[in-house]
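What follows is the residue order along each chain.
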Amino acid sequence: MSKETLIKGLNEDLAAELGTVIRYTYQAAKCYGLVAAELRELLAEEAKDEIGHAAYLMDVIQDLGGEPTTTPKAFDKPADIKGMLELDVKMEAEDVVNYLAHAKLAEELNLPDIKMKLEEMAADEAGHGRELRRLLKGL
Ligand SMILES: [Fe+2]
Ligand SMILES: [Fe+2]
């Protein structure tokens, strides 16, 4: 296991975070009316968490000797609220899996602080997924 593998993984996570910031901000703008008001508020709040995650990843990649990506991961644009929520729930779950895999890599490389922070971010994404699922169930 090499440091380069971890840097590559963290850069994929970073691209996902940058994409999520854009996706949530975009989706918040697409939320109209009373039904979507709660989703709009939640997306705006979660976008702030994702910016924090992206900033952490940039710092760590830089510190490990890598070059942080500035290219966001592309995402689908469902037309309706239900489609947006389903996509977001799915992508949050993917982020959890990726963070836990990369936390394991960090542990193998004897980088306990990075391991712990990645696990904490996995828990953040699981929390985002839970909130989004709660709204999805109400539709
Ligand atoms: Fe995130
Ligand atoms: Fe998230």
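Residues numbered from 1 in each chain as written. Chains lettered and ligands numbered in written order. Predicted model: local features only at pLDDT ≥ 70, side-chain atom pairs only at ≥ 80, totals over all residues. Heavy atoms only, no water.

(A) Broad picture of the coordination of the iron ion (ligand 1). Taken together, the protein ligands of the iron ion (ligand 1) are Glu-17 (OE), Glu-17 (OE), Glu-50 (OE), His-53 (ND1) and Glu-125 (OE), with distances of 2.0 to 2.3 Å. Along the chain, the residues donating to the iron ion (ligand 1) fall in the pattern E-x32-E-x2-H-x71-E. A separation of 3.9 Å is found between the iron ion (ligand 1) and the iron ion (ligand 2), which are bridged by Glu-50. One end of the pair, Glu-17, is in helix 1 (residues 3–29); the other, Glu-50, is in helix 2 (residues 33–63), and 33 residues separate them in sequence. The class of Glu-50 is buried, set by a relative accessible area of 0%. (Donors = N, O, S within 2.8 Å, 3.2 Å for Na, K, Ca; no water. Helix = DSSP H or I, 4+ residues; strand = E, 2+ residues; numbered from the N terminus. Buried < 20%, exposed > 50% of the residue type's maximum accessible area, 1.4 Å probe, protein only.)

(B) Looking closely at the coordination of the iron ion (ligand 2). Within the protein, Glu-50 (OE), Glu-92 (OE), Glu-92 (OE), Glu-125 (OE) and His-128 (ND1) serve as the donor atoms for the iron ion (ligand 2), at 2.0 to 2.3 Å. In primary sequence terms, the donor set of the iron ion (ligand 2) follows E-x41-E-x32-E-x2-H.

(C) Structural detail: the packing of aromatic side chains. Under the defined criterion, the tally for this structure stands at one aromatic pair. The interplanar angle of 55° and the centroid separation of 6.4 Å between the aromatic rings of Tyr-26 and Phe-75 together place this pair among those described as tilted. Of this pair, Tyr-26 sits in helix 1 while Phe-75 sits in the loop between helix 2 and helix 3 (81–108); the two residues are 49 residues apart in sequence, bridging distant segments of the chain. Residue classification places Tyr-26 among the partly exposed residues on the basis of a relative accessible area of 29%. Taking NZ or CZ as reference, Lys-77 lies 5.0 Å from the ring centre of Tyr-26, over its face. In this structure, Lys-117 is placed above the aromatic ring of Tyr-56, and the distance from its NZ or CZ to the ring centre is 5.4 Å. (Phe/Tyr/Trp six-rings, centres within 6.5 Å; stacked < 30°, edge-to-face > 60°. Lys NZ or Arg CZ within 6 Å of the ring centre and 35° of its normal.)

(D) Region of the structure containing the side chain of His-128. Position of His-128 relative to the elements: it lies in helix 4 (residues 112–137). Residue class for His-128 comes out buried when judged on its relative accessible area of 5%. Only 3.0 Å separates the side chain of His-128 from the side chain of Glu-125, close enough to count as a polar contact. In this view, His-128 contacts Glu-46, Asp-49, Glu-50, His-53 and Glu-92; residues no more than four positions away in its chain are not counted. (Polar contact = N/O pair within 3.5 Å; in protein donor to acceptor, adjacent residues only side chain to side chain. Contact = heavy atoms within 4.5 Å.)

(E) Examining the nonpolar core more closely. Leu-10, Leu-57, Leu-64, Ile-114 and Leu-118 are the most contacted members of the largest nonpolar core, which totals 20 residues. Counting only elements with at least two residues in this core, the list comes to helix 1, helix 2, helix 3 and helix 4. If sequence neighbours within four positions are ignored, Leu-57 has contacts with Leu-10, Asp-13, Leu-14, Glu-17, Tyr-99, Leu-118 and Met-121. The next biggest cluster of nonpolar side chains, apart from the first, holds 13 residues, and it includes Ala-28, Leu-39, Ala-47 and Leu-132. (Core = buried A, V, L, I, M, F, W, Y, C linked by side-chain atoms within 4.5 Å.)

(F) Representation of the environment of Glu-107. Within the fold, Glu-107 resides in helix 3. Given the relative accessible area of 46%, Glu-107 is considered partly exposed. When the C-alpha atoms of Glu-107 and Arg-23 are compared, they prove to be 31 Å apart, with 84 residues separating the residues in sequence.

(G) Region of the structure containing the packing of helix 3 against helix 4. The contact between helix 3 and helix 4 brings their axes to 8 Å, and the two run at 165°. Classified by the angle their axes make, helix 3 and helix 4 are roughly antiparallel. Viewed along their axes, helix 3 and helix 4 form a crossing whose handedness is left-handed. Of the residues that constitute the contact of helix 3 with helix 4, the class distribution is 15 nonpolar, three polar and ten charged. (Axes fitted to C-alpha atoms, helices over the stretch in contact; angles between N-to-C directions. Parallel < 35°, antiparallel > 145°, perpendicular 65-115°, else oblique. Left-handed = near helix turned anticlockwise from the far one by under 90°. Nonpolar A, V, L, I, M, F, W, Y, C, P; charged D, E, K, R; others polar.)

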